[in-house]
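Close look at the chain arrangement
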Amino acid sequence: MKRRRGNPATKLIVMAAVLLLSLSLMGAGYAMWSDQIFVEGEIQMGEWNAGLEPGVCGTLQVSTVDEDTLSVYLASPSPETSYTGCFYIENNGTVPVKIQDITFNLISGSLAYYGSDAAMGDSIYKGESKLYNLYAETDSAETQPDIAFEITIETVLYTNYQ
């Protein structure tokens, strides 16, 4: 009597299914014991939007030149007198910024001193508006013509401060 061996196509399908099932189980087992995870996603960077705004205080007249520069004006200053004014640094972005550089440029007149309490490295967080003072002091005993100077403040992302 002759023994019949089953259909070779069926054997091939069963072997492929067993191989596929065993590879799947090996992959699941490896994943359970592995300490790595791979995640795909999308990262959005924050918006950097900081600028200077004039404040209303003191006798110095402060106005905006552009978002990084303010013009400061003093009409008919008295000799050897101190004057004050103020301005804001507003961070309307979504990331914190720091003051990287502060530059003063005397346009006209003569001053013994002019400056601000803004300091390099100061942090302005998102949505925050910080008030800073301006100072000017005339230097001569004689009445001077009008005085003007500009202040420019460069801000950088909080993580890029050097």
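Scroll up to find the structure this text is about.
Because the structure is a prediction, the values reported are computed rather than measured. (Residues numbered from 1 in each chain as written. Predicted model: local features only at pLDDT ≥ 70, side-chain atom pairs only at ≥ 80, totals over all residues. Heavy atoms only, no water.)

This part takes up empty space enclosed by the protein. Rolled over the atoms, a probe with the dimensions of a water molecule shows which regions are left empty. By the definition in use, this model includes 1 cavity of 30 Å³ or more. Roughly 30 Å³ of internal volume is contained in the largest cavity. Elements represented by at least two residues in the lining of the largest cavity include exactly β1 (50-54) and β9 (147-157). Per element, the largest residue contribution to the lining of the largest cavity is 3 residues, and it comes from β1. Grouping the constituent residues of the lining of the largest cavity by class yields 4 nonpolar, 2 polar and 2 charged. (1 Å grid on protein atoms, 1.4 Å probe; cavity = no way out; pocket = protein on both sides within 12 Å on 5 of 7 lines; lining within 4 Å. Points joined across faces, edges and corners; volume = space filled by probe spheres on them. Helix = DSSP H or I, 4+ residues; strand = E, 2+ residues; numbered from the N terminus. Nonpolar A, V, L, I, M, F, W, Y, C, P; charged D, E, K, R; others polar.)

Throughout the structure, instances matching the rule amount to 4 aromatic pairs. Where F104 meets Y114, the ring centres are 5.8 Å apart and the plane angle is 80 degrees; that geometry is what we call edge-to-face. Taken as a pair, F104 in strand β5 (residues 97-108) and Y114 in strand β6 (residues 111-116) lie far apart in primary sequence, 10 residues in all. By relative accessible area, which is 25% here, F104 ends up partly exposed. Through a chain of ring-to-ring contacts, three or more aromatic side chains come together here, namely F104, Y114 and F149. (Phe/Tyr/Trp six-rings, centres within 6.5 Å; stacked < 30°, edge-to-face > 60°. Buried < 20%, exposed > 50% of the residue type's maximum accessible area, 1.4 Å probe, protein only.)

For the structure shown, the criterion picks out 1 disulfide. Sulfur-sulfur distance for the disulfide between C57 and C86 comes to 1.9 Å. With a gap of 29 residues between them, C57 in the loop between β1 and β2 (61-66) and C86 in strand β4 (residues 82-91) connect regions that are remote in the sequence. Take C86: its relative accessible area is 2%, and that puts it in the buried class. (Disulfide = S-S within 2.5 Å.)

Moving on, we come to the pairing of β4. Summarising the sheet, β1 and β4 pair through 5 bridges and their orientation is antiparallel. Of the residues in β4, the one forming a bridge with P54 is F87. Bridge analysis of β4 against strand β8 (residues 129-138) gives 9 bridges, and the strand direction is antiparallel. The residue bridging Y83 from the neighbouring strand is A136, located in β8. (Pairing = 2+ DSSP bridges.)

On to the environment of Y73. As for its position among the elements, Y73 is in strand β3 (residues 69-74). Accessibility expressed as a relative area gives 31% for Y73, which makes it partly exposed. Linking Y73 and T94, residues 21 residues apart in sequence, is a C-alpha distance of 33 Å. Those residues in contact with Y73, other than ones at most four positions away along the chain, are L60, Q61, D146, I147 and A148. At 2.3 Å, the side chain of Y73 forms a polar contact with the side chain of D146. (Contact = heavy atoms within 4.5 Å. Polar contact = N/O pair within 3.5 Å; in protein donor to acceptor, adjacent residues only side chain to side chain.)

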